[in-house]
Amino acid sequence: MENLLLLLFFVFILAVFVCVKLMRKVSNRKAAQSGEDKERVRRAAELLLAEGGERRTIYAHWEERESYGRSVRTTYYRYVVTYQNQTMCIAPLYIDKKTRQVQVGQPSIVTPERLGKVTVRTKKKDGVVKRIEVWLGDKQGHTLIELFMDAENLRRSRWYPVNIMQQEECVDFERFLLSLAQRVAAENPGVDDLIKAENNEGFGIIGAGISIAGAFFAFFFPPAGVILALIGLIMSMVSKRKGAKGWKVMIISILCTIWSAGFFWMYWTYFICQ
């Protein structure tokens, strides 16, 4: 009987929790449909809107995750984006969690002349745009900024502080981005090769790091050291074959492999064969 009462109590608590969450979601969706937070963001961006005539506006955000051992640190960014023709003005948003006041930080102007690549990923459900994910890179293939635009933004915590519906804005912004991406790709045909070459160089650098670790382990256990050094050397060779520039990484891997092989030879000759 006691176990049954305890089970009923936990079921009741769970039901209350679910009801509260559902009621909160319904309330936030009604607030989003009223457009109050959207209007706050629009008013905060009035200075941006005033520059260059009529500009369209959309709310955006981004989450950056950094790993520190077993822990992961997530930093949340919020932006307002205004755009016209093929120019964007992107400014950070600062939202007071108590007063709900919105302030705009220093804006950044992004023009086709600054861009080398634009990547657009659109997530849809039943043919309706739900999220747009944008990556903007410079002419060397380095990241300028990344943005998420959600059609529905509901307040869930201090990290998700607004109730904004922007379905039509997402559809319009997708058209704008696709046109911009097409122009940037036509004007910068070699950026993909630069990105690929840099990724290959990064692969080779990892290989050199493994070779260095192998040279270190060769002091204590030469078999493991020479295996690691060889793995690193193979990675560096693959990187070079795929177009990585320079020979520094390859030379480091070769020297570490020779070093590790020397310790392995001494280990085999004086400890195993005797």
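Refer to the structure above for everything that follows.
Because the structure is predicted, anything quoted here is derived from the model rather than measured. Positions within a chain are numbered from 1, following the residues in the order the chain's sequence is written. With the structure being a predicted model, the display of local features is reserved for residues of pLDDT at least 70 and the display and counting of side-chain atom pairs for 80 or more, all residues being used for whole-chain, interface and lining totals. Note: side-chain values were computed over all heavy atoms of the structure, leaving out hydrogens and water.

**Q** Explain the overall build of the chain to me, please; I cannot follow it from the model alone.
**A** Helix and strand assignments come from DSSP, with helices taken as H or I runs of at least 4 residues and strands as E runs of at least 2, each series counted from the N terminus. When you go through the chain residue by residue, the secondary structure sums to 7 helices and 10 strands. For this analysis, residues touch if any pair of their heavy atoms sits within 4.5 Å. Counted over contacts in the chain with a minimum sequence separation of 6, partners at least 24 positions apart contribute 55%. Counting every atom, the chain has about 17400 Å² of accessible surface; 61% of that belongs to carbon and sulfur. Each accessible area value is a Shrake-Rupley result obtained with a 1.4 Å probe; residue values ignore everything except the protein chains displayed when judging cover.

**Q** So what exactly am I meant to see when it comes to the environment of Asp-172 here?
**A** Secondary-structure assignment places Asp-172 in helix α4 (residues 167-187). Note: C-alpha distance between Asp-172 and Ile-58 (114 residues apart in sequence) is 9.7 Å. Among all residues touching Asp-172, those that are not within four sequence positions of it are Arg-56 and Tyr-83.

**Q** It is not clear to me how the packing of aromatic side chains should be interpreted in this structure. Could you clarify?
**A** The geometry of an aromatic ring pair is captured by two quantities: the separation of the ring centres and the angle between the planes. What counts as a ring pair is set by centres within 6.5 Å for rings of Phe, Tyr and Trp (its six-membered ring), and what kind of pair is set by the plane angle: stacked under 30 degrees, edge-to-face over 60, tilted for all other angles. Under the definition given, this model contains 7 aromatic pairs. Residues Trp-62 and Phe-148 carry aromatic rings whose centres are separated by 5.1 Å and whose planes lie at 65° to one another, so their mutual orientation is edge-to-face. With Trp-62 in strand β1 (residues 56-68) and Phe-148 in strand β8 (residues 143-150), the pair connects residues that are 86 residues apart, well separated along the chain. Both residues of the pair, Trp-62 and Phe-148, count as buried. Plain terms: the ring middles of Tyr-83 and Phe-173 are 4.8 Å apart, the flat faces sit at 55° to each other, and that makes the pair tilted. Pair noted here: Tyr-83 is in strand β2 (residues 71-84) and Phe-173 is in helix α4, with a separation of 90 residues, a long-range link. Each member of the pair, Tyr-83 as well as Phe-173, is classed as buried. Members of the aromatic cluster, joined through ring pairs, are Tyr-76, Trp-159 and Tyr-160. Lying over the aromatic face of Phe-148, Arg-131 brings its terminal NZ or CZ to 4.3 Å of the ring centre. Here the term buried applies to any residue with accessible area under 20% of the maximum for its type, exposed to any over 50%, and partly exposed to those in between, with areas from a 1.4 Å probe on protein chains only. The rule for a charge over a ring is simple: NZ of Lys or CZ of Arg within 6 Å of the ring centre, and within 35 degrees of the ring normal.

**Q** Can you walk me through the nonpolar core in this structure?
**A** Generally speaking, a soluble globular protein has its nonpolar side chains buried in company with each other. Among the nonpolar cores identified, the biggest contains 27 residues, and Val-81, Met-88, Ile-90, Leu-136, Leu-147, Met-149 and Phe-173 are the most heavily contacted of them. Listed by contribution, the elements that provide at least two residues to this core are β1, β2, β3 (87-95), β7 (128-137), β8 and α4. For this core, the element with the highest residue contribution is α4, accounting for 7 residues. In this view, Leu-136 contacts Met-88, Ile-90, Val-110, Leu-115, Lys-117, Val-118, His-142, Thr-143, Leu-144 and Ile-145; residues no more than four positions away in its chain are not counted. By nonpolar core we mean a set of buried residues, namely Ala, Val, Leu, Ile, Met, Phe, Trp, Tyr and Cys, connected to one another through side-chain atoms within 4.5 Å. By size, the runner-up hydrophobic cluster in this structure holds 10 residues, among which are Val-41, Ile-95, Val-102 and Val-162.

**Q** Hey, could you run me through the pattern of salt bridges in this one?
**A** If the charged atoms of two oppositely charged side chains come close together, the side chains can form a pair. Here, a salt bridge means any side-chain nitrogen of Lys or Arg that lies within 4 Å of a carboxyl oxygen of Asp or Glu. In total, this model carries 14 salt bridges according to the counting rule given. Where Arg-175 meets Asp-172, a salt bridge forms, and the shortest distance between an N and an O atom there is 3.3 Å. Residue Arg-175 and its partner Asp-172 are located together in helix α4, separated by 3 residues, close to a single helical turn.

**Q** Where do I start with the pairing of β7 in this structure?
**A** Taken residue by residue, a regular strand's side chains alternate between the two faces of the sheet. The element β7 is extensively covered by neighbouring structure, given that 7 of its 10 residues are classed as buried. When DSSP finds two or more bridges between two strands, those strands count as paired. As paired strands, strand β6 (residues 117-125) and β7 are joined by 9 bridges and run antiparallel to one another. Along β7, the bridge assignment pairs Thr-119 with Trp-135. The antiparallel hairpin formed by β6 and β7 contains 2 residues in its connecting segment, where Asp-126 sits at a positive phi of about 55°.

**Q** It is not clear to me how helix α6 (residues 222-241) should be interpreted in this structure. Could you clarify?
**A** Given 3.6 residues per turn, any residue in an α-helix points the same way as the ones three and four places further on. Helix span is expected to be 1.5 Å times the residue number reduced by one. Across its 20 residues, α6 extends 28 Å between first and last C-alpha, which sits within 8% of the 28 Å expected from 1.5 Å per residue. Of the residues making up α6, those classed as buried are Pro-222, Pro-223, Gly-225, Val-226, Ala-229, Gly-232, Leu-233, Met-235, Ser-236 and Ser-239.

**Q** Can you help me understand the environment of Tyr-160 in this one?
**A** Summarising the element assignment, Tyr-160 is placed in the loop between β9 (152-153) and β10 (164-165). With a relative accessible area of 22%, Tyr-160 lands in the partly exposed category. Sequence separation of Tyr-160 and Tyr-76 is 84 residues, and the distance between their C-alpha atoms is 8.7 Å. Non-local contacts of Tyr-160, meaning those with residues more than four positions away in its chain, are made with Glu-63, Tyr-76, Leu-154 and Arg-155. Within the local environment of Tyr-160, its side chain forms a polar contact with the side chain of Glu-63, the two groups lying 2.7 Å apart. Pairs of N or O atoms are called polar contacts if they sit within 3.5 Å, as long as, within protein, a hydrogen donor faces a hydrogen acceptor (for residues adjacent in sequence, only side-chain-to-side-chain pairs).

**Q** Is there a simple way to explain the side chain of Gln-166 in this structure?
**A** For Gln-166, the location among the structural elements is in the loop between β10 and α4. In contact with Gln-166, other than residues within four places in its own chain, are Lys-38, Ile-58, Tyr-59, Asp-150, Ala-151 and Asn-153.

**Q** It is not clear to me how α4 should be interpreted in this structure. Could you clarify?
**A** Given a rise of 1.5 Å per residue, 21 residues ought to cover 30 Å, and the 31 Å separating the end C-alpha atoms of α4 matches this to within 8%. Among the residues of α4, Cys-170, Asp-172, Phe-173, Glu-174, Phe-176, Leu-177, Leu-180, Ala-181 and Val-184 are the ones counted as buried.

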